[in-house]
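Spelled out from the first residue to the last, the chains are:
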Amino acid sequence: MRARFLPCGDCGITVNFGNEISEEINGRVTAFTSAAEKAKIQGAVEYIPAFCSVTVIYDPLKTSAKELIKQLKKAQKQSAGGNDFKPVLYKIPVCYDDEFAPDIKSVEEITGLSKEEIIDIHTGCDYPIYMLGFLPGFAYLGNLDKRIAAPRLETPRVKIPRGSVGIGGNQTGIYPSDSPGGWRLIGKTPVRVYDERKESPILYRAGDYIRFVRISKEEFLKTDKECENGTYAVERGEVRRGN
């Protein structure tokens, strides 16, 4: 499917690459965003990648929609020749103890799997970050194994603690801050994936990958202190292909 360039209000252009959630289409989104940002297109203010599209916010005093689309098409042609975006894999430690996993039993009942099987499956995949949204730093992840998919709660919680790791339908993710939410909570990470104290507060970008790594409660408490003090560095690694 060819990219479509669609107007989005008075100062936006949405570049659409398809109508399905897939790693292949999202890869085109990532490649295009990388190429367009490197091109430093005049008037382009911000690029907002999503599952299947990128919305480009522009300054109408510096460029026109027609000229912007012309430059974006050049970037899209360049990105089609190869993706030079280098994804980073972040190894996110997660404690799956019951006190951090209030919905693990319901996931067991829904899936017919044991807690240990659910954890093994959840930690056995490298998840691509398709987009960021809902909250600053909330990553929508792909590749969740269908065996552990579980519907959202019928009644969302008023407050979910920062760092909670949940499953919602066929997706999994981390709550970057205290917030309402309806995903089923199966663990918690001490890592501040959104840390307003830092110059770049969001840990990762769309196009990067996350791998969940199981830790004990003792490791959780130790890492939590290090995160609070700003001395913890998230481990990085190579993406496991074909998982």
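All values derive from a computational prediction rather than experimental measurement. (Residues numbered from 1 in each chain as written. Predicted model: local features only at pLDDT ≥ 70, side-chain atom pairs only at ≥ 80, totals over all residues. Heavy atoms only, no water.)

(A) The arrangement of the layout of surface pockets in detail. Volume-wise, the largest pocket comes out at about 330 Å³. Surrounding the largest pocket, 13 residues form its lining, E37, Y47, P49, R205 and A206 being those nearest its centre. Broken down by class, the residue content of the lining of the largest pocket amounts to 7 nonpolar, 3 polar and 3 charged. (1 Å grid on protein atoms, 1.4 Å probe; cavity = no way out; pocket = protein on both sides within 12 Å on 5 of 7 lines; lining within 4 Å. Points joined across faces, edges and corners; volume = space filled by probe spheres on them. Nonpolar A, V, L, I, M, F, W, Y, C, P; charged D, E, K, R; others polar.)

(B) Highlighting the environment of V193. Relative to the helices and strands, V193 is located in the loop between β12 (184-188) and β13 (209-215). What makes V193 buried here is its relative accessible area of 2%. Excluding residues that lie within four positions of it along the chain, V193 makes contacts with G137, I174, P176, P201, I202, L203 and Y204. (Helix = DSSP H or I, 4+ residues; strand = E, 2+ residues; numbered from the N terminus. Buried < 20%, exposed > 50% of the residue type's maximum accessible area, 1.4 Å probe, protein only. Contact = heavy atoms within 4.5 Å.)

(C) Looking closely at the pattern of salt bridges. Throughout the structure, instances matching the rule amount to 13 salt bridges. Note that E226 and K222 form a salt bridge whose closest N and O atoms lie 2.7 Å from each other. Taken together, the residues E226 and K222, both in helix α5 (residues 217-229) and 4 residues apart, mark about one turn of the helix. For E226, a relative accessible area of 22% corresponds to the partly exposed category. (Salt bridge = Lys/Arg side-chain N within 4 Å of Asp/Glu carboxyl O.)

(D) The arrangement of the sheet that holds strand β2 (residues 12-16) in detail. Taken in spatial order, the 4 strands make up an open sheet running β1-β2-β4-β3, and their pairing is antiparallel. For this open sheet the edge positions go to β1 (4-7) and β3 (44-49), each flanked by a neighbour on one side alone. In this sheet, adjacent strand axes meet at a mean angle of 20° when their direction is disregarded. Here β2 runs beside strand β4 (residues 53-58); their pairing, made up of 5 bridges, is antiparallel. Looking at β4, one finds that G12 is bridged to I57. Where helix α1 (residues 23-39) meets the sheet, it contacts β2, β3 and β4, and its direction lies at approximately 165° from that of β3. Relative to β2, helix α2 (residues 65-80) is tilted by about 30°, and along the sheet it contacts β1, β2, β3 and β4. (Pairing = 2+ DSSP bridges. Axes fitted to C-alpha atoms, helices over the stretch in contact; angles between N-to-C directions.)

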